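Coordinates in review
These are the residues of each chain, in order.
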Amino acid sequence: MEEMEEELKCPVCGSFYREPIILPCSHNLCQACARNILVQTPESESPQSRRASGSGVSDYDYLDLDKMSLYSEADSGYGSYGGFASAPTTPCQRSPNGVRVFPPAMPPPATHLSPALASVPRNSCITCPQCHRSLILDDRGLRGFPKNRVLEGVIDRYQQSKAAALKCQLCEKAPKEATVMCEQCDVFYCDPCRLRCHPPRGPLAKHRLVPPAQGRVSRRLSPRKVSTCTDHELENHSMYCVQCKMPVCYQCLEEGKHSSHEVKALGAMWKLHKSQLSQALNGLSDRAKEAKEFLVQLRNMVQQIQENSVEFEACLVAQCDALIDALNRRKAQLLARVNKEHEHKLKVVRDQISHCTVKLRQTTGLMEYCLEVIKENDPSGFLQISDALIRRVHLTEDQWGKGTLTPRMTTDFDLSLDNSPLLQSIHQLDFVQMKVAWFAFDPGSAHSDIIFSNDNLTVTCSSYDDRVVLGKTGFSKGVHYWELTVDRYDNHPDPAFGVARIDVMKDVMLGRDDKAWAMYVDNNRSWFMHNNSHTNRTEGGITKGATIGVLLDLSRKTLTFFINDEQQGPIAFENVEGLFFPAVSLNRNVQVTLHTGLPVPDFYSSRASIA
């Protein structure tokens, strides 16, 4: 029953209803709260004064508002109670200068009625805080609203069920927990008080003692006070007016207010409405059952999502680890090549050092020998060997020429690692296997002049030049379809829509380079463009509100465009292969919004199946 508690609380004070009254819209208010939210319209602006003065229609004309009201009996089943028919029931649209909150500064005259039901000033208006329907009260004021006795009973039973363990009603100090209840005395007793005050002898022996819980139920089932007529407070309701949808007494029928209305016996209508409510509850119960099953399904989905997430993360980690292992293996191979080059360079240099050292030793020996020969004073002996020594010196000198003193190896390594393709592939690494793709525009790869909004689904530009923005998701397989709606289109620019590689030029119109495949379109016609080649001019352009569809079929290697659900020209591009990102180029005169997660159009699916 705890879920019912909000139904039992007043929307004004937030507490359980106290003496609730029923408004014509079927919502309830505490009597005191209803008094607090009354407002008064100026006398000159009341419906009566308007009719009397014949003033023209204004923005707040009651009669016109009543004609436009959504709360008519024909439209919604809502009807005014008798006595309020003369007051139009319209949404309260008075400005702050035209209303004031009650109670007024002067206290109301003394009356035998409760303060909540005391008379209210003329032209008082009450607005339901739940549905915002407004009603101008008649001379009866709040007394014209019936009291909701049923709601009082439900609140009473609910509060009893929420109460703590039943206590003995005769304990003087610190009441003990009750053990029985006497149905005749309607009193809860603990064991000592029962033995002392309700002995099982004499007349009391015939009283029926029941457990406290059963006694509580019997109290709930006991007859309640019969509700009285709101117009004739001394009379009980005895009939039901079908047209006014309210209980009435016999005086209401005699005085003529309901004389021409269809009336039925109160008991019969009570049973009929109980049956109708039970049938309606059966349907609502089925919906509630379906909702519970749906909640179970959603909770199971939460569990399944968590399990799938763990499994997918493990798979992703394994795939990335495999890439890292492959990179490490390639790293080892490249390091081996570097080491081999290193050893080769060292060997060449060391061999040259050894060869040069031997020759230098030989040259130094020859030079020392020649110097000693020059010291000889014997001319004949010197001349016998001088020619040979001169030839040897020249020969040795010639041997030091011809690049002998030039290093045979450089210190630089003639190896340059080209890692740009791998880095590009790593940047392009993404989840591309999706049945229906959900994605947004990518601020990270877009030109700096692109302006993002709406969670990166809407883009425009701060420049008069065309700037490119890509989607976050790339596609390499499957069939994918997305749309873009034109939110703003000024001065007839020619935005371009299509697909592109990750390294497409971002500061020119899409399709100017060989990295993009696009359709650019103005207000009259369109063209396809790739690598600055313009083809297939087609009549039919775009305006504000137009929808551009892009269909990338990588299974058939085609790219097709649509405007407002109609194919624009022939298939734009064929033999498209590789990894493609959704792309748009635009300037400051255009703003577009991306729509993703869309299924492939039915007509294309049927055409593809026939092909």
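Residues numbered from 1 in each chain as written. Predicted model: local features only at pLDDT ≥ 70, side-chain atom pairs only at ≥ 80, totals over all residues. Heavy atoms only, no water.

Scanning the protein chain from terminus to terminus reveals twelve helices and 25 strands. In the protein chain, which comprises 611 residues, the proportion classed as buried is 34%. Considering only contacts in the protein chain between residues 6 or more positions apart, those separated by 24 or more positions represent 60%. When the accessible surface of the protein chain is summed, it comes to about 37,600 Å², and 54% of that surface belongs to carbon and sulfur atoms. (Helix = DSSP H or I, 4+ residues; strand = E, 2+ residues; numbered from the N terminus. Buried < 20%, exposed > 50% of the residue type's maximum accessible area, 1.4 Å probe, protein only. Contact = heavy atoms within 4.5 Å. Areas by Shrake-Rupley, 256 points an atom, 1.4 Å probe, with all protein chains shown as cover.)

Together, Phe294, Leu295, Leu298, Met301 and Ile305 give the surface a local cluster of nonpolar side chains, amounting to about 450 Å² of exposed area. With respect to the helices and strands, the residue Phe294 is situated in helix 9 (residues 266–374). (Patch = residues over 30% accessible without salt bridge, like charges linked within 9 Å, V, L, I, M, F, W, Y side chains within 5 Å. Salt bridge = Lys/Arg side-chain N within 4 Å of Asp/Glu carboxyl O.)

Before going further, it helps to examine the confidence of the model for the protein chain. Across the protein chain, the average pLDDT comes to 80, with 80% of residues at 70 or higher. Residue range residues 50–118 is modelled with pLDDT below 50. Its contacts to residues more than four positions away, or to other chains, number 114 contacts. (pLDDT = per-residue confidence, 0-100.)

Next up on the list: the packing of aromatic side chains. Each aromatic ring pair is specified by the distance between its two centres and by the angle formed by the two planes. Under the defined criterion, the tally for this structure stands at eight aromatic pairs. Seen in terms of ring centroids, Phe439 and Phe475 are 5.9 Å apart; in terms of plane orientation they differ by 70°. Their pairing is edge-to-face. With Phe439 in the loop between helix 11 (420–428) and strand 12 (450–453) and Phe475 in the loop between strand 14 (467–470) and strand 15 (479–489), the pair connects residues that are 36 residues apart, well separated along the chain. Per residue, the accessibility class of Phe439 equals that of Phe475, and both read buried. (Phe/Tyr/Trp six-rings, centres within 6.5 Å; stacked < 30°, edge-to-face > 60°.)

We now examine the nonpolar core. Core analysis: the largest hydrophobic core is formed by 37 residues, its most contacted members being Trp482, Leu484 and Leu552. When residues of this core are traced back to their parent elements, those giving at least two are strand 13 (458–461), strand 15, strand 16 (496–500), strand 17 (516–521), strand 20 (547–553), strand 21 (558–563), strand 24 (581–586) and strand 25 (590–595). Excluding anything up to four places from it in sequence, Leu552 contacts Phe475, Gly478, Val479, His480, Trp482, Val499, Thr558, Leu559, Val576 and Phe580. Tyr17, Leu135, Leu142 and Val154 belong to the second largest nonpolar core, which has 22 residues in total. (Core = buried A, V, L, I, M, F, W, Y, C linked by side-chain atoms within 4.5 Å.)

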